[in-house]
Amino acid sequence: MKKLYLHDDCIISPLGFTTSKNLENLRSGTTGLQKLNKNEFLETPICAGIVNSEILTDAFSEIGNPQDFTKLEQMMLLAVQGVLDKNPELDLDKTGLIISTTKGNIHLLDDLADFKKERLFLSNLGNIIKDFFGFKLKPIVVSNACISGGLALAVAKKMINVGKFSTAIVVGGDMLSKFVVSGFNSFQALSENDCKPFSKDRTGINLGEAAAAILVSDLPKKNSVNISLAGDASANDANHISGPSRTGEGLYKSIQNSLKEAQISSEAIKAISTHGTATLYNDEMEAIAISRSELGEIPLHSVKGYYGHTLGASALIEAILCKHMMLNSELYPSLNFTETGVSKKINVVTAYRKSINLDYVLKTASGFGGCNLAMIFKKEGEND
Amino acid sequence: MTNLGVEHWVRITKGKIILDGEVIFSSEADIARFLKTSFKFLNIKYPKFHKMDRLSKLGFVASEIALKNNNIDEETALVFSNNSSSLDSDQNYQESVKEFPSPSLFVYTLPNIVLGEISIRHQLKSENVFFVEDEFNANLIIDYSKQLIESKKANKVLCAWLNLHNDEYDVFLWLSSESHKKEASEEQIRKIYDADYD
Amino acid sequence: MPIMTDLHTELKASIIEQLNLEDMEVSDIENDEPLFGDGLGLDSIDALELIVLLEKDYGIKLTDPKKGREIFESINKMADFIEANRTK
């Protein structure tokens, strides 16, 4: 089987419009979340990761007319541009385009503004990105709840192996809308304060908006240490459409299958980037799956305290962060952790750590519909 | 490279349910009534069906028929796609947002919820993916399924195009496995999808 | 919906309607029968929907989902709670 190497990337988020700006904030423990007493989404206060529209419009006007594109499109286009800027030689005729989103431009359902109804369709979002840059291949759009962004990498790997293309840009994005915020609120899942993944005093999730893009290829980056996707697996809980499994079944199975594909045992894993949404049930389920996989001692974090839950972008952003942690031999802290609030032993990283060798990192994600995903990233030497 | 075959296929469109080329159920009624009577036709007890959104109901009925008497296990993967995502339920939920946002409507505002419903019903603890496309594209589904089987992540794949928009439904679901005698090439699959069953 | 005179009956009818309990009738639900678990078999989404029902029909805002578990134990418990707290 061909490998999938992770090349250049770009994250557009409240923490910055370049990956390096995002990493700076992660290292210093600076959150992108803000508490808004008055907001356009709910009558009650919310705490969320919001991309400043004015700054976004300013940045976007360098590459296009902001009036022609929705906020989400602007974020996603800027993310792809960030990758293309670093790869001017890239042949767009042969580069695949894979898009992940849960709700796309769903805010237009309430008010189309000056946009056409087609903009509501997720495949249209794919075509907008394709046409903006002049990609030639038909975009592939993945919409599989909160594992979408990571699943899109697994899709890229499969399509490369089937011979569709050897290089692709994977882009993920979701934005805040009254639709999504009111929905999570009706689930009584939102926290009015900064979320506290895995903590005893956690009171729910924060939502966030962001986009990210990454170039992937079956060829490694020359003269460089490379990070590859060594194993990936998804599994359904077959238990409940919105509640996480009490036994962590689907996530446990995903972790086991991804270890098998990576041909390693759990002892090889050096760190875990969790889903860690800070709901009671998600965090507990994850702790159970991690414990069943004998990974309870392994340092782990959730970055939801920085970004909130960015839905279809989250697992892609977190995969990109895994790549940089591995290249830089560093671990970003899990913000707002107080005291463990899950029934199994886990090892939450509370301070920034340097000089830590991460040759294998596990990324987990779970979502509505009972879906789960595990990915294992591997550090490959210059001569591999 | 792995060759996939079709074990069974189900087509649901314009008031008809077709199994392996044969019309097994038809009704002139509107979609709500059609879903209700087609569920009765299944002759099973499954109260959860009535709680599902219409997209899930369509997927449930189709999979129930395709998987009847079929030898599947928890490693049967689900590879689904459509054009309108969960827009039908999105619109219903959006209506509720004006007054009291409904959690039971919100939960169906993702296209992959139907994968969860089918997984629960048949206890499939398998690989799931939902793609959104401009139109039915057998190629992507077949390629993805082949990769799942080749990499031993699944032993069979339940593939589907499951679209619902403005009360119009268009369903094509097939159970795919290795080296079955009926070949599931892109042309073959396309032909079944395009055929008229009057 | 027909006009109901008795809160218990009214509740049963709206639960059947709101939660899409297609095959059930008002007479199928006992006043003291557990709504969740082995009884009516409702789940966590149903519980959230019942919270919406309380607000919509009776003007009661429930912010602590844990409290819901006690209130939604049976039709009797729900009716008592509504009588004591309703604003409409």
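Scoring rules and cut-offs
- Residues numbered from 1 in each chain as written.
- Chains lettered and ligands numbered in written order.
- Predicted model: local features only at pLDDT ≥ 70, side-chain atom pairs only at ≥ 80, totals over all residues.
- Heavy atoms only, no water.
- Patch = residues over 30% accessible without salt bridge, like charges linked within 9 Å, V, L, I, M, F, W, Y side chains within 5 Å.
- Areas by Shrake-Rupley, 256 points an atom, 1.4 Å probe, with all protein chains shown as cover.
- Salt bridge = Lys/Arg side-chain N within 4 Å of Asp/Glu carboxyl O.
- Lys, Arg positive; Asp, Glu negative; His and termini not counted.
- Charge placed at Lys NZ, Arg CZ, Asp CG, Glu CD.
- Helix = DSSP H or I, 4+ residues; strand = E, 2+ residues; numbered from the N terminus.
- Core = buried A, V, L, I, M, F, W, Y, C linked by side-chain atoms within 4.5 Å.
- Buried < 20%, exposed > 50% of the residue type's maximum accessible area, 1.4 Å probe, protein only.
- Domains from an automatic or database assignment.
- Contact = heavy atoms within 4.5 Å.
- Buried area = accessible area lost by both parts, 1.4 Å probe.
- Polar contact = N/O pair within 3.5 Å; in protein donor to acceptor, adjacent residues only side chain to side chain.
- Nonpolar A, V, L, I, M, F, W, Y, C, P; charged D, E, K, R; others polar.
- Phe/Tyr/Trp six-rings, centres within 6.5 Å; stacked < 30°, edge-to-face > 60°.
- Pairing = 2+ DSSP bridges.

Per an unreviewed UniProt entry, chain B goes by 3-oxoacyl-ACP synthase and derives from Zunongwangia atlantica 22II14-10F7.

So, about a negative patch on the surface. Together, Glu25, Asp28, Glu30 and Asp32 of chain C line one region of the surface with negative charge. Mapping Glu25 of chain C onto the fold places it in the loop between α1 (7-18) and α2 (44-58).

Let's shift gears to the nonpolar core. In terms of nonpolar packing, the biggest core is built from 152 residues, with Leu153 and Phe377 of chain A together with Ile12, Phe80 and Trp174 of chain B touching the most fellow members. Element by element, the count of residues in this core is highest for helix α10 (residues 314-328) of chain A, at 9 residues. In this structure, this core is formed jointly by two domains, domain 1 (4-217) and domain 2 (226-380) of chain A, each of which donates at least three residues. Ranked by size, the runner-up nonpolar core spans 33 residues in total, among them Met75, Met76, Leu84 and Phe135 of chain A.

Next up on the list: the interface of chain A and chain B. One frequently used descriptor of interface size is the decrease in accessible area upon assembly of the parts. With 50 residues of chain A at the interface, the matching set in chain B holds 51 residues. Summed over the three residues of chain A that lose the most area to chain B, namely Lys158, Phe179 and Ile241 of chain A, the buried surface amounts to 14% of that side. Along the contact surface separating chain A from chain B lie 7 salt bridges. Among the salt bridges present, the one from Lys153 of chain B reaches Glu261 of chain A, with a minimum N-O distance of 3.1 Å. At the junction of chain A with chain B, the criterion picks out 27 residue pairs in polar contact (both at pLDDT 80 or more). For the side of chain A that touches chain B, the elements supplying multiple residues, two or more each, are α4 (122-133), β5 (140-142), α5 (148-161), α6 (178-186), β9 (226-236) and α7 (249-262) of chain A. Considering each element in turn, the side of chain A that touches chain B owes the most residues, 7 residues, to α6 of chain A. For the side of chain A that touches chain B, the residue count by class is 23 nonpolar, 15 polar and 12 charged.

For the structure on display, the rule yields 28 aromatic pairs over all chains. With 6.1 Å between their ring centres and 35 degrees between their planes, Phe60 of chain A and Phe132 of chain A make a pair best called tilted. With Phe60 of chain A in helix α2 (residues 53-60) and Phe132 of chain A in helix α4, this residue pair connects regions lying 72 residues apart in the sequence. What makes Phe132 of chain A partly exposed here is its relative accessible area of 24%. Seen from their ring centres, Phe136 of chain B and Phe172 of chain B are 5.9 Å apart, and the 70 degrees between their planes marks the pair as edge-to-face.

Attention shifts here to the environment of Ser26 of chain B. Residues and elements named next belong to chain B. Positionally, Ser26 belongs in strand β3 (residues 22-26). For the pair Ser26 and Ser176, spaced 150 residues apart in sequence, the C-alpha to C-alpha distance is 25 Å. Among all residues touching Ser26, those that are not within four sequence positions of it are Gly15 and Lys16.

Turning our attention to the domain arrangement of chain A. All names here are of chain A. One can read the domain layout of chain A as domain 1 (4-217) and domain 2 (226-380). A C-alpha centroid distance of 20 Å is found between domain 1 and domain 2. On the domain 2 side, the residues contacting the 64 residues of domain 1 number 67 residues. With both chains or domains summed, domain 1 and domain 2 bury close to 5000 Å², and 67% of this area falls on carbon and sulfur atoms.

All names here are of chain A. Mapping Lys304 onto the fold places it in helix α9 (residues 304-307). Side chain to side chain, Lys304 and Glu318 meet in a polar contact 2.7 Å long. Look past the residues within four positions of Lys304 in its chain and what remains in contact with it is Leu33, Cys195, Pro197, Thr274, His275, Gly276, Thr277, His309, Ser314 and Glu318.

Let us now look at the interface of chain C and chain B. In this complex, chain C contributes 13 residues to the contact, which on the side of chain B involves 9 residues. A combined buried area of about 1000 Å² lies between chain C and chain B, and 60% of that area is made up of carbon and sulfur atoms. The three residues of chain C that bury the most area against chain B are Glu22, Ile45 and Glu49 of chain C, which together make up 42% of that side's buried surface. At the boundary of chain C with chain B, the tally comes to 2 salt bridges. The salt bridge involving Glu22 of chain C is made with Lys36 of chain B; its shortest N-O contact spans 2.8 Å. Counting the contacts that link chain C with chain B gives 5 residue pairs in polar contact (both at pLDDT 80 or more). Partitioned by chemical class, the residues of the side of chain C that touches chain B number 6 nonpolar, 1 polar and 6 charged.

Another aspect to go through is the pairing of strand β6 (residues 156-165) of chain B. All names here are of chain B. Burial analysis of β6 places 9 of its 10 residues in the buried class, the great majority of the element. Of the strand pairs in this sheet, strand β4 (residues 76-82) and β6 are connected by 6 bridges, and their pairing is parallel. Paired with Thr76 across the bridge in β6 is Lys156. Bridge count for β6 against strand β7 (residues 168-178) is 10 bridges, and the pairing is antiparallel. Looking across to β7, one finds that Ala160 is bridged to Leu173. Linking β6 to β7, which pair antiparallel, is a turn of 2 residues; within it Asn166 sits at a positive phi near 50 degrees.

Residue and element names in this part refer to chain A. With mixed pairing, the 3 strands of this open sheet are ordered in space as β2-β3-β7. Only two strands of the sheet have a single neighbouring strand rather than two, namely β2 (33-36) and β7 (207-208). Relative to β7, strand β3 (residues 46-49) is paired through 2 bridges, and the arrangement is parallel. Within β7, the residue paired with Ala48 across the bridge is Leu207.

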